[in-house]
Each structure stands twice: as C-alpha cells, then as structure tokens.
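Close look at the chain arrangement
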Amino acid sequence: MTGNNSQAFSTLSLKPALLENLATLGYDEMTPIQAQSLPAILSGQDVIAQGQTGSGKTAAFGLGILNKLDVKRFRIQTLVLCPTRELADQVAKEIRRLARSIHNIKVLTICGGMPLGPQIGSLEHGAHIVVGTPGRIDEHLRKGTLKLENVSTLVLDEADRMLDMGFQDALDAITDQIPAERQTLLLSATFPSQIQKIAERVMRDPVVVEAESTHSGSSIAQHFYRVESEKERFKALRLLLLDKAPASGVVFCNTKRETQDLANELQAFGFSAQAIHGDLDQKERDRTLLQFANQSVVLLVATDVAARGLDIEKVDLVVNYQLARDSEVHVHRIGRTGRAGNKGTAATLFADNEKFKIERIEEYLKQKVEIHPLPNEKVLFRDPEPAPMRTLQIDGGKKQKVRPGDILGALTRDGALDGKEVGKIQLQDIRAFVAVSRPKAKLALSVLTQGKMKGRQFKARILK
Ligand code: AMP
C-alpha cells in the first residue's frame, strides 16, 4: 500500500480480541499478502489474491471472516472451499488458532473421503464456519443435509488447483446456492484464463492483489545458442534439455514432419516427449495435450499452427529448435513461458546462415540478444528426467455419474495415496482421466480397478 509503510496489524480495523490474540501467536507484522489484501477484505470487498502456501494467505482471509462473524447468530455464515482434505484441515486449524480469543466459534470440516453419516450429524448440530472440499459439499447440498442460505462470505482457496482437479461443476453448483449478496474471496497461486472466467461469474468488482507482478517481458530470460552445423542441432538440444531439466517445455519446429521426427528422436534418447501437429486426429491430439497439461509428458514438440490457441500454462522452457520464420512469431512463441509470475526461459538455436533472422529479432525487440555458450558436454552422461506424473484412464465418466470427488476419494481411501499425489482429474462423457504421481501409478491402478465408485467397479489403465 503506497503512502502507508506500517505493516502492523494494529493499523487495521480489527476487533480488539483478534488483535490481542495475534500478538500472543507472535504475528508481529503483516506478511505482504496480508498487508495488501486485508484493508479491502475488511471493508467487505471481493478480493482476488495471489498467494502460495507459506505466504500467510490463510490468516489474510481468516481474519476477514472472523472480524465480521456474528457469533451469537448460530448459522453457517462462511464457506471455505479447498481442493484437498489436507488443505481443508490446515485451514480449519489456522482459523481456530486465529479465533482462540473469541468464545464458542464452531468451525466444521466437511471433506470427501470421510464417512457421510457423522458429517450429517455434525451439520445438524450447526456451525459458524464450514471448511470443505467441493465434491462433498455439493453432495450434502443435493441431499439437503447442508443449507447455505445464511452464508455471507465465500472463500475459494487454491482456486487454480480446484479447477485442475475437475471441481468446476461442483463449484458452479455450490455458488448457485449461496446468496448473491455476499463477499467472495479467491486465492490462487496462478491465474490461468479459467480463473478469470470463474471470477467474472462469481465475483463483483474484485480488487486484485498480486504479490508479484504477473507476466512481463522481463520475466522471460531469452538465451540464444549458436550451433556449428545442422548435425550439431540435435546434440545442442539434448545438452540444453539435460542441463535445464525443465518440468515442462515446448520445442518448436517449423514443419509437421520435423516435429514428428524430433519427438521420435527425443524418445529414443529417453526423453518424455510427444509431437503435436495437424496430422494427428482429434483424439490423439486431445490425449497428448491432456498428458502434457497434467505433467505426464514433459516435452511437447509442436509447430506454430498446432500450438496456436493452446492454453499452455506454467511452461518453464520454450526451445526454438528452428528459428521462427518471422520475429512476431518468435515473440509469440516465447510468450508461452514465464506466465503468471512463473520464471521462464526461452532458448533459441541458430546456425550461422540464420544470423540475419537474429538481427531482425534484435530490431523488433529493440535490444541486442545475448549469445550463450552451450552447456558442458558432461551433462550428456545424465539421464533425462521422467515426467513426474502418469495418467490413468478410467472407463467411466459423466454418463456413469462419476465425479472428481469419487475418483479422489477412491484413490485416497485408507491412505492409499495422499491428496498431494493426485493431480488433474478430467471428466468426459464416458471416460475420466486422472494424473497420479509416477511412483504410485501401479498402486493407483489396482486401487481403482479393485475398489468401487458409485457402487460399481470400473476398468482402468495407465496411458503410455
Ligand atoms: P499460510 O500461507 O496461510 O499457509 O501460512 C503460513 C504460515 O505462516 C502459517 O503457519 C501461519 O501460522 C504463519 N503466519 C501467517 N501470518 C503470519 C504473520 N503475519 N506473522 C507470522 N506468521 C504468520
């Protein structure tokens, strides 16, 4: 906040009991996200805040909730939605800590993967604040065991992750049940376009608070590498990929043929790579993109046409294996990295006969490009990093009434997998796809095929 350097909680209009408790918790100063968001939160505005775990985001919205809560009114006044049970438990714990000085505040967690019966009982007893996961909250709404008609604050915590886990439909169903006259707070580590869409639907004139500025030209490091000859180009690419070991990357070629050849060659050297080009049928294309988006494939080898319009977020390396035909396309390619505050690198390979293109790019960007030496060849002894996740295909989808919460519930039941080991869940009409951490793929497969969802067994397999 400009013009106000004080980061003390006492500068806020917080209830004295909350302030006193903050001192006993040892919260002496506000964290940046708290300093930026609390004034707007306390004034009742809708707020979108970028905040990762560890930023103090929970206290930012927790204090907002508690400051306006009317303890004497024993109704559910606040709903906090979280992607996983672990996070919901943490959030509930932090809210209870912040509320220590206010007597008789009841905070209830309602999460998937837990038996329904006791939850119904707890809901009958009532609460002020409910913290839960979207699938289970939606289930209680349908059963009529939860009513949200008195909710005046809705918090969507880790909204990006909730969307990644396929909770879009559940979120829509839940927000429909909450009075429009409310305050909505949305927390997210990243801001993909779906978050903006959700914000437009469920929020009113939100104040946007960003701990770090989002994508600007300077967050992309552009590195240029000279290759001696065409023969050296592939080796140069291997050197870069082994040295940088990106969690996800896009490698651009200029023709369809080249993308397929290059993807094959990368696979032969042990890289997790798939080509995407106009000759693939829709199903192959969707599957490749799905596996790339859920981190089951590390590298996408693409033509400009194939990559056009793709919503590729969080790519940390873009490689121009071949220089783009013109400078504008070049800038468009590298704009795919470094989004939403993520640091990205763009590496461009060029041969001597392409120097004129580099000069054009310099003119276009109005800056001299830096030419870097290639990494030391020692890295060739390393093994490529495998993709962190694997994708399971389940032969049941929306038609079979399978919901993301069912899949998450089946996988985490009896502690088979931890919520953190489950990635994106995507539901189609008769299929579902779920990403799980690579070492747990086989276990996840047996849990899914041996256990039941919606009272029946489904076939599943691990995608290659
Ligand atoms: P969170 O990002 O919400 O997961 O919070 C990270 C940790 O920081 C939690 O353990 C909080 O208890 C703690 N915390 C939150 N706000 C403050 C603060 N203003 N001063 C000190 N610790 C804090």
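Residues numbered from 1 in each chain as written. Predicted model: local features only at pLDDT ≥ 70, side-chain atom pairs only at ≥ 80, totals over all residues. Heavy atoms only, no water.

1. Things to note about the overall build of the protein chain
The criterion, for reference: Put simply, DSSP marks the helices as runs of H or I at least four residues long and the strands as runs of E at least two long, and each gets a number from the N terminus on. Both definitions apply: the radius of gyration is a C-alpha atom measure, and the globule rule equals 2.2 Å times residues to the power 0.38. Buried, partly exposed and exposed residues are distinguished by accessible area as a fraction of the type maximum, computed with a 1.4 Å probe on protein chains only: under 20%, between the cut-offs, and over 50%, respectively. Throughout, a contact is declared for two residues whenever any of their heavy atoms are within 4.5 Å. Throughout, the Shrake-Rupley method with a 1.4 Å probe supplies accessible areas, and for residues the shown protein chains are the sole cover considered. Here Asp and Glu are counted as negative and Lys and Arg as positive; His is not counted, and neither are the chain ends. The atom standing in for a charge is NZ when the residue is Lys, CZ when it is Arg, CG when it is Asp and CD when it is Glu.
On a plain count of helices and strands, the protein chain comes out with 17 helices and 18 strands. Relative to the 2.2 N^0.38 estimate, which gives 23 Å for 464 residues, the radius of gyration of the protein chain is 25 Å and therefore close to what a compact globule would have. Buried positions account for 51% of the 464 residues belonging to the protein chain. Long-range contacts, defined here as pairs at least 24 residues apart, represent 76% of the contacts in the protein chain between residues at least 6 apart. Summed over its atoms, the accessible surface of the protein chain is roughly 21800 Å², and 49% of this surface lies on carbon and sulfur atoms. Here the protein chain contributes 64 positively and 56 negatively charged side chains, and the mean placements of these two sets differ by 6 Å.

2. Structural notes on the packing of aromatic side chains
We describe a pair of aromatic rings using the distance from one ring centre to the other and the angle between the two ring planes. The line we're drawing: Note on ring pairs: Phe, Tyr and Trp rings are taken, using the six-membered ring of Trp, and paired if centres are within 6.5 Å. Classes follow the plane angle, with under 30 degrees stacked, over 60 edge-to-face and the rest tilted.
A full pass over the atoms with the stated rule returns one aromatic pair. Relative to F269, the ring of F234 lies with its centre 5.4 Å away and its plane at 55 degrees, an arrangement referred to as tilted. Of this pair, F234 sits in helix 10 (residues 230–244) while F269 sits in the loop between helix 11 (256–268) and strand 10 (273–276), and the two are 35 residues apart along the sequence. Among the residues examined, F269 registers a relative accessible area of 39% and is labelled partly exposed.

3. Structural notes on the nonpolar core
For the record, the criterion: In this text, buried Ala, Val, Leu, Ile, Met, Phe, Trp, Tyr and Cys residues form a nonpolar core when linked through side-chain atoms within 4.5 Å. Segmentation into domains, and thus their bounds, comes from an automatic or database assignment.
Judged by nonpolar contacts, the single largest core of 52 residues is most densely connected at L79, L81, I137, L156, I394, I407 and V434. Domain assignment of the residues forming this core places at least three in each of domain 1 (9–210) and domain 3 (389–462). Grouped together as the second largest cluster of nonpolar side chains are 39 residues, L12, L18, L25 and A88 included.

4. Section: the sheet that holds strand 3 (residues 107–110)
Operational definition: The rule for pairing is simple: two strands pair if DSSP sees at least two bridges between them. Throughout, an axis means a line fitted to C-alpha atoms (over the contacting stretch in the case of helices), and angles, computed between N-to-C directions, take values from 0 to 180 degrees.
As summarised here, the arrangement of the seven strands in space is 3-4-2-5-6-1-7, forming an open sheet in which the pairing is parallel. Taken across any chain shown, the strands that pair with only one partner, and hence form the sheet edges, are strand 3 and strand 7 (207–209). This sheet shows a mean twist of 15 degrees between the axes of neighbouring strands, independent of strand direction. Bridge count between strand 1 (residues 47–50) and strand 6 (residues 183–188): four bridges; the pairing is parallel. By the bridge assignment, Q50 is partnered in strand 6 with S188. Sheet contacts for helix 2 (residues 32–42): strand 1, strand 6 and strand 7; angle to strand 1, the most-contacted strand, approximately 175 degrees.

5. Digging into the packing of helix 5 (residues 116–125) against helix 6 (residues 134–143)
This is how it is decided: In what follows, roughly perpendicular refers to angles from 65 to 115 degrees, roughly parallel to angles under 35, roughly antiparallel to angles over 145, and oblique to any angle outside these ranges. What makes a crossing left-handed is the near helix being turned counterclockwise from the far one by less than a right angle; a clockwise turn instead makes it right-handed. For this scheme, ten residues count as nonpolar: Ala, Val, Leu, Ile, Met, Phe, Trp, Tyr, Cys and Pro. Four count as charged, namely Asp, Glu, Lys and Arg, and the remainder, Gly too, count as polar.
Taken N-terminus to C-terminus, the directions of helix 5 and helix 6 make an angle of 70 degrees; their axes are 12 Å apart at the nearest point. By the angle between their axes, helix 5 is roughly perpendicular relative to helix 6. When you trace helix 5 past helix 6, the crossing you get is right-handed. Each of L116, Q119, I120 and L123 in helix 5 lies in contact with helix 6, whose residues at this interface are R136, E139, H140 and K143. In terms of residue class, the contact of helix 5 with helix 6 is built from three nonpolar, two polar and three charged.

6. As for the site of the ligand
This is how it is decided: Nearness of a residue to a molecule or strand requires only that one of the residue's heavy atoms be within 4 Å of it. We define a polar contact as two N or O atoms separated by no more than 3.5 Å, with the added condition that, inside protein, one atom must be a possible hydrogen donor and the other a possible acceptor, whereas residues neighbouring each other in sequence contribute only through side-chain atom pairs.
What surrounds the ligand is a group of 14 residues, the closest being Y27, Q34, G54, G56 and T58. With respect to the ligand, the side chain of Y27 contributes an N or O atom lying 2.3 Å from an oxygen atom. Between the ligand and the protein, one listed contact pairs an oxygen atom with a side-chain N or O atom of T58 at 2.5 Å. Calculation on the ligand without its partners gives an accessible area of 500 Å², and the protein chains cover 72% of this total. Put simply, the parts of the chain that give the shell around the ligand at least two residues each are helix 3 (57–68) and helix 4 (85–98). By residue class, the composition of the shell around the ligand is two nonpolar, eight polar and four charged.

7. As for the pairing of strand 6
Strand 6 sits mainly inside the fold: six of its six residues count as buried. In strand 6, alternate side chains face the same way, and those of Q183, L185 and L187 on one face and T184, L186 and S188 on the other are all buried. One ladder, built from four bridges, connects strand 5 (residues 153–156) with strand 6; its direction is parallel. When the bridges of strand 6 are listed, L156 appears paired with L186.

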